[in-house]
Amino acid sequence: MRSEDPDAVDVRIGVRLAALRAQHGWSLGELAERSGVSRSTLSRAERAETSATAAVLNRLCHVYGRTMSQLLSEVEAGPAPLVRAAEQQVWEDRASGFVRRAVSPPHAGLRGELVEGRLAPGADIAYDRPPVPGLEQHLWVLDGALEVTDGERTHHLDAGDCLRTRVHGPTRFRCAGPGTTRYVLAVVRP
């Protein structure tokens, strides 16, 4: 994993979030109404006074019509055809016990991407909406057990299991075992 200072990533994310809001000509209040995220949280995230959680970034990605990988790739220096394991961007939501590694070389023009996720024991992440409606996901559990809720359906996945979904509503990812869960998520934009 990349050993980049997490504060540097938070600063770049904050700058990008502020730029996206400015591009749309929205005030913090307007963005708060559209995303359901409080003005103070948005302001603190844009100034990198706090690290935005996965749930907050997901809401903002939904408003801006991009995946989280796209948003995170936009804070990288530039796209490359090959990204070595040691150079892959890692983002951590310390509050929820979620670690996300962008496996695919970042490029905003690509429809597909691979992400490695790790959930600590007891980690439970709920997203109230998809970042992009109709997003196709292929989730392959490498280690541990994962409970995935897609709308009204809940799926229990063990190591080796793969679930394909098209996301239109709320989702939830919960580490269902006593140990860490590690999975690969293939994301395909509609």
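Structure report, in brief. (Residues numbered from 1 in each chain as written. Predicted model: local features only at pLDDT ≥ 70, side-chain atom pairs only at ≥ 80, totals over all residues. Heavy atoms only, no water.)

## Notes on the pairing of strand S7 (residues 153–158)
Part 1 of the reasoning: Two elements, strand S6 (residues 145–150) and S7, share six bridges in a ladder whose sense is antiparallel. Bridge pairing links Glu147 to His156 in S7.
Part 2 of the reasoning: Taking the residues between adjacent antiparallel strands as the criterion, S6 and S7 are bridged by two residues, where Gly151 takes a positive phi near 65 degrees. (Pairing = 2+ DSSP bridges. Helix = DSSP H or I, 4+ residues; strand = E, 2+ residues; numbered from the N terminus.)

## Here's the deal with the nonpolar core
Generally speaking, a soluble globular protein has its nonpolar side chains buried in company with each other.
Part 1 of the reasoning: Ranked by internal contacts, the top residues of the largest apolar core, which has 42 residues, are Trp91, Leu119 and Leu139.
Part 2 of the reasoning: In terms of residue count, helix H4 (residues 54–64) provides more of this core than any other element does, seven residues in total. (Core = buried A, V, L, I, M, F, W, Y, C linked by side-chain atoms within 4.5 Å. Buried < 20%, exposed > 50% of the residue type's maximum accessible area, 1.4 Å probe, protein only.)

## Some remarks on the sheet that holds S6
Part 1 of the reasoning: Taken in spatial order, the four strands line up as S4-S9-S6-S7 in an open sheet, and their pairing is antiparallel. The open sheet has two edge strands, strand S4 (124–127) and S7, and neither has a second partner. Looking at each pair of strands side by side, their axes are set apart by 15 degrees on average, direction ignored.
Part 2 of the reasoning: Sheet topology places S4 next to strand S9 (residues 171–175); four bridges connect them, and they run antiparallel. (Axes fitted to C-alpha atoms, helices over the stretch in contact; angles between N-to-C directions.)

## Description of helix H3 (residues 39–46)
Part 1 of the reasoning: Those residues of H3 not exposed but buried are Leu42, Ser43, Ala45 and Glu46. Summarising the axial view, the buried residues of H3 lie within an arc of 165 degrees, below the 170-degree limit, and thus occupy one face.
Part 2 of the reasoning: Immediately beyond the C-terminal end of H3, within one or two residues, lies Ala48, with a positive phi of roughly 60 degrees. (Arc of directions from axis to C-beta.)

## Overview of the pattern of salt bridges
Part 1 of the reasoning: Scanning the model with the defined rule gives twelve salt bridges in all.
Part 2 of the reasoning: Salt-bridge contacts for Arg182 lead to Glu116; the nearest nitrogen and oxygen are separated by 3.2 Å. Highlighted residues: Arg182 in strand S10 (residues 181–188) and Glu116 in strand S3 (residues 112–119), separated in sequence by 66 residues.
Part 3 of the reasoning: For Arg182, the salt bridge is made with Asp143, and the minimal N-O distance between the two is 3.0 Å. Linking Arg182 in strand S10 with Asp143 in strand S5 (residues 135–143), this pair joins segments that are 39 residues apart in sequence.
Part 4 of the reasoning: Salt bridges sharing common partners tie together Arg101, Glu116, Asp143 and Arg182. (Salt bridge = Lys/Arg side-chain N within 4 Å of Asp/Glu carboxyl O.)

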